[in-house]
Amino acid sequence: MLSNLIEGIFNHLTNWGVFWFGFLFFGSIFGAILTLIFSTYDSKTVLFAGYFLGAIFGLIANYKDWSWIN
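What counts as what
- Residues numbered from 1 in each chain as written.
- Predicted model: local features only at pLDDT ≥ 70, side-chain atom pairs only at ≥ 80, totals over all residues.
- Heavy atoms only, no water.
- Helix = DSSP H or I, 4+ residues; strand = E, 2+ residues; numbered from the N terminus.
- Buried < 20%, exposed > 50% of the residue type's maximum accessible area, 1.4 Å probe, protein only.
- Contact = heavy atoms within 4.5 Å.
- Expected span 1.5 Å × (residues − 1).
- Bend = angle between axes of the 7 residues up to and from the residue.

K.L.:
Looking at this model, I keep getting lost on the environment of L53. Mind explaining?
P.N.:
Tracing the sequence through the fold places L53 in helix 2 (residues 43-63). The partly exposed category is assigned to L53, whose relative accessible area is 41%. Here the alpha-carbon distance between L53 and N11, two residues 42 residues apart in the chain, equals 25 Å. With residues up to four places along the chain from it excluded, the contact list for L53 reads F30 and L34.

This is how it looks when you write it as structure tokens:
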């Protein structure tokens, strides 16, 4: 049971690792840049937009088989 769960997590990370990297890493970078540019807006909305852009970037990278972290 536990080994199946761990194997499933590793398979997910193998298939979707680039997406999660784009979402977390580039999302935080995009969020920081957008926070600097749009400092007068609500910070949660701006950070959400940054992580949304990171998720889009990660989906494109996963679809096009870009491999930054291999």
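K.L.:
Sorry, what's going on with helix 1 (residues 2-37) here?
P.N.:
With 36 residues, helix 1 ought to run about 52 Å at 1.5 Å a step, yet its terminal C-alpha atoms sit only 46 Å apart, falling short of that. For helix 1, the principal kink sits at W16 and spans about 70°. Those residues of helix 1 that sit buried are G17, V18, F19, G22, G27, G31 and L34. The inward-facing, buried residues of helix 1 abut helix 2.

K.L.:
Is there a simple way to explain the environment of F23 in this structure?
P.N.:
For F23, the position within the fold is in helix 1. Setting aside chain neighbours within four positions, we find F23 in contact with S28, Y51, G54 and A55.

K.L.:
Looking at this structure, how should I read helix 2?
P.N.:
Here helix 2 is 21 residues long and its end C-alpha atoms lie 30 Å apart, about the 30 Å a rise of 1.5 Å per residue gives. Looking only at helix 2, the buried set comprises V46, G50, G54, A55, G58, A61 and N62. Those residues of helix 2 that are buried lie in contact with helix 1. Following helix 2 by one or two positions, D65 adopts a phi angle in the positive range, close to 60°.

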